[in-house]
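Descriptive structure summary
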Protein chains: 2
Amino acid sequence: MRSLQRPLPSARGAVCPRRPVHRMVSCSAAARPIARATDQQKLELLKRVECFIFDCDGVIWLGDKVIDGVPETLDMLRGMGKRVFFVTNNSTKSRAGYMAKFQSLGLNVQAEEIYSSSYAAAAYLESINFDKKVYVVGEAGILEELQLKGIHHLGGPADADKRVTLRSGEFMEHDAEVGAVVVGFDRHINYYKIQYATLCIRENPGCLFIATNRDAVTHLTDAQEWAGNGSMVGAIAGSTKREPTVVGKPSDFMLRNICARLGLRPQQICMVGDRLDTDIMFGKNGGLNTALVLSGVTTEEVLNSPGNTVVPDLVLPKLPDLLSVREAAVVAA
Amino acid sequence: MRSLQRPLPSARGAVCPRRPVHRMVSCSAAARPIARATDQQKLELLKRVECFIFDCDGVIWLGDKVIDGVPETLDMLRGMGKRVFFVTNNSTKSRAGYMAKFQSLGLNVQAEEIYSSSYAAAAYLESINFDKKVYVVGEAGILEELQLKGIHHLGGPADADKRVTLRSGEFMEHDAEVGAVVVGFDRHINYYKIQYATLCIRENPGCLFIATNRDAVTHLTDAQEWAGNGSMVGAIAGSTKREPTVVGKPSDFMLRNICARLGLRPQQICMVGDRLDTDIMFGKNGGLNTALVLSGVTTEEVLNSPGNTVVPDLVLPKLPDLLSVREAAVVAA
């Protein structure tokens, strides 16, 4: 398939047609209702795209259940030589930690195919040749990824039970060799960690402030939405008056990192997600192809509502709908 | 003294004179160096001002030591019929709680003369006839002030040791009758409190989000600066994507509240502080008279530096310098 790749006219910047014919175009004035992808559109996408980036919840699985047909779809894509990445802003686990979840769901995935924001933090530090220590507000995933990159770190779960009494004369020491604070979701956030991170950022010259993401809420249990890493980042931003460098979605670091590693251009990548305002917007901002699946939070009604200005290149009821072109795609490849 | 009050030409909005003659004017192009107040200027201030609002640290005390002459100065002002307020953004204590600190320093102060941000939160809720429950992220001071106003509350220190495990299916209940979340400094901030506050603000229709202040750092011990309530507020703002109503400095609620209670206009009030960018700016934004004391963080060099555009109406080496006009002031009163 890679050898068959040929230049295709880009729809980006093109005049928006009155009705989409062969593929959906990224245009806020797209005709409504926005049609589901035809087999022709699916085949064209498979021809021009070398790498798929998948949001997981609502795309690969729903809660603790894999969406029917997803394993076969992934097999088809891999069989065509496509690269796949599974992206999550959840930083509590490392890529190896996520492997367990994928395997428990019966999904055959390599650790290298998982792109967690915990990994993004370590990859970012590696990309700038960082050689100091990292103070972590966050959970085990970040520490494990830093460890794999050989980056010295402190904080994280080890500081979960530390308390600050604020007795008269109390002074908190901090390590002057900390050159970056990485902030990820931390269910054990406490004042000790907040103060330690604040001291590093305010007092260590040039200390970086890195956030895995700033998501307001996260789905840590199926039962309800939980305050996300926006809280932990907000706490450190509030005491330092500094804005962080975000390495997870919707920043473009992950995208640049993937492009650099695989030697691809954004036009050769497709972002597949179930959220218009995060996944699809992230893809469009980065110049990627975008595919919205309707198996997650976005309904066709929301997609076609007058208030929605985010139009994906392709709309699929669910990811396994790509299987309708399996035979044709394999022949083409 | 009250009966002697007479209209004085206001310098606000006036053309900035080349050199100030009788009083410092609020003008960024004021002649430099900015002179210390003359006795004539002090007397004029005492004539036109009915109420003094004092920042405490650097004005009334330094660390744990009262500045020499402050008790006598306060006696003089009270003897002239002036009202005095001691303002602090620290919400950890109630006004009654602060009484202990004042008394331990030998200062004779009434609880009603203390305006802590814990009190400001309760006074704000009272001013809008709030009749629901309050969830508190913060310490005892806020709860005590809410109690005095008869406002139902939950959270605060009672939630200090609560933990969230995020086990599969975990769901946190919250009280649907909470109509406001008040966030003050909390050394026992934890994820339980963050999530509870987030649920109230996100899920209870019309729920208010009130911050005692957003100070980045605070001086809870003399030994170093500590992450301030900016952290706690940032945590809740980060998960709710809501901006709080701030009731402490530098918001104008306290000022409006004092004016309403005493029936005064801003021009009859003087803000006395040691910080140009907070105290003096706060006073100027509110249309108050402003007096900078040089006994705290601001030096005459900083005051007169080309980069400083905040010019107080009056500059005093320290508050007790007002005593130089004691006899004349008492005669005039």
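Residues numbered from 1 in each chain as written. Chains lettered and ligands numbered in written order. Predicted model: local features only at pLDDT ≥ 70, side-chain atom pairs only at ≥ 80, totals over all residues. Heavy atoms only, no water.

Attention shifts here to the pairing of strand β11 (residues 224–227) of chain B. All names here are of chain B. When strand β10 (residues 217–221) meets β11, the two strands line up antiparallel, connected through three bridges. Bridge pairing in β11 links Val-217 to Ala-227. Where β10 folds back onto β11 in an antiparallel hairpin, the turn is made up of two residues. (Pairing = 2+ DSSP bridges. Helix = DSSP H or I, 4+ residues; strand = E, 2+ residues; numbered from the N terminus.)

On to the pattern of salt bridges. All names here are of chain A. Summed over the entire model, instances satisfying the criterion amount to 34 salt bridges over all chains. In this structure, the salt-bridge partner of Lys-149 is Glu-126, at a minimum N-O distance of 2.9 Å. Remark: Glu-126 occurs in helix α4 (residues 117–127) and Lys-149 occurs in the loop between α5 (140–148) and β7 (153–155); sequence separation between them is 23 residues. On the basis of relative accessible area, Lys-149 is assigned to the partly exposed category, the value being 26%. For Glu-126, a relative accessible area of 43% gives the class partly exposed. In this structure, Glu-243 and Arg-214 form a salt bridge, with 2.7 Å as the shortest nitrogen-oxygen distance. Remark: Arg-214 occurs in the loop between β9 (208–211) and β10 (217–221) and Glu-243 occurs in the loop between α7 (229–240) and β12 (245–246); sequence separation between them is 29 residues. The exposure class of Glu-243 is exposed, given its relative accessible area of 57%. It is possible to trace a salt-bridge network through shared partners that takes in Asp-55, Lys-249 and Asp-279. (Salt bridge = Lys/Arg side-chain N within 4 Å of Asp/Glu carboxyl O. Buried < 20%, exposed > 50% of the residue type's maximum accessible area, 1.4 Å probe, protein only.)

What follows concerns the UniProt feature "active site" (unreviewed entry) in chain A. Residues and elements named next belong to chain A. In the numbering used here, UniProt assigns the "active site" (unreviewed entry) feature to Asp-55 and Asp-57. Leave out the neighbours within four places in its chain, and Asp-55 touches Ile-60, Val-87, Lys-249, Met-271, Val-272, Gly-273, Asp-274 and Asp-279. Reaching out from Asp-55, the side chain makes a polar contact with the side chain of Lys-249 at a distance of 3.2 Å. By the element assignment, Asp-57 lies in the loop between β1 (51–55) and β2 (61–62). With a relative accessible area of 36%, Asp-57 lands in the partly exposed category. If near-sequence neighbours (up to four positions away) are discounted, Asp-57 is found in contact with Leu-62, Gly-63 and Asp-274. (UniProt positions renumbered as here; feature names shortened; annotations may be inferred. Contact = heavy atoms within 4.5 Å. Polar contact = N/O pair within 3.5 Å; in protein donor to acceptor, adjacent residues only side chain to side chain.)

Attention shifts here to the sheet that holds strand β6 (residues 133–137) of chain B. Residues and elements named next belong to chain B. Within the open sheet, the five strands sit side by side as β7-β6-β8-β9-β12. Their pairing is parallel. The open sheet is flanked by β7 (153–155) and β12 (245–246), the only strands paired with a single partner. Here two bridges tie strand β9 (residues 208–211) to β12, and the two strands are oriented parallel to one another. Bridge assignment links Ile-210 to a residue of β12, and that residue is Thr-245. The sheet strands contacting helix α7 (residues 229–240) are β8 (178–183) and β9, and the helix crosses β9 at an angle near 160 degrees. (Axes fitted to C-alpha atoms, helices over the stretch in contact; angles between N-to-C directions.)

With an RMSD of 0.1 Å, the operation that places chain A on chain B is a rotation of 180 degrees combined with a shift of 0.1 Å along the axis. These values place the two chain copies in the arrangement generated by a two-fold rotation axis. A shared binding surface is used by both copies, with 97% of the interface residues of chain A retained as interface residues in chain B. (Least-squares fit on C-alpha atoms with pLDDT ≥ 70 in both.)

On to the interface of chain A and chain B, then. Listed by partner, the interface residues are 39 residues for chain A and 39 residues for chain B. Both faces considered, chain A and chain B share a buried interface measuring about 3,300 Å² in area, 57% of it formed by carbon and sulfur atoms. Linking chain A to chain B there are two salt bridges. At the boundary of chain A with chain B, the tally comes to 16 residue pairs in polar contact (both at pLDDT 80 or more). Where the side of chain A that touches chain B is concerned, the elements lending two or more residues are α6 (191–203), β10, β11 (224–227) and α7 of chain A. Broken down by element, the residue count for the side of chain A that touches chain B peaks at seven residues, all from α7(A). Tallied by class, residues from the side of chain A that touches chain B come to 17 nonpolar, 13 polar and nine charged. (Buried area = accessible area lost by both parts, 1.4 Å probe. Nonpolar A, V, L, I, M, F, W, Y, C, P; charged D, E, K, R; others polar.)

Mapping Glu170(A) onto the fold places it in the loop between β7 and β8 (178–183). On the accessibility criterion, Glu170(A) (18% relative accessible area) is buried. A polar atom in the side chain of Glu170(A) sits 2.6 Å from the side chain of Thr165(A). Leave out the neighbours within four places in its chain, and Glu170(A) touches Val164(A), Thr165(A), Thr221(B), Ala223(B) and Trp226(B).

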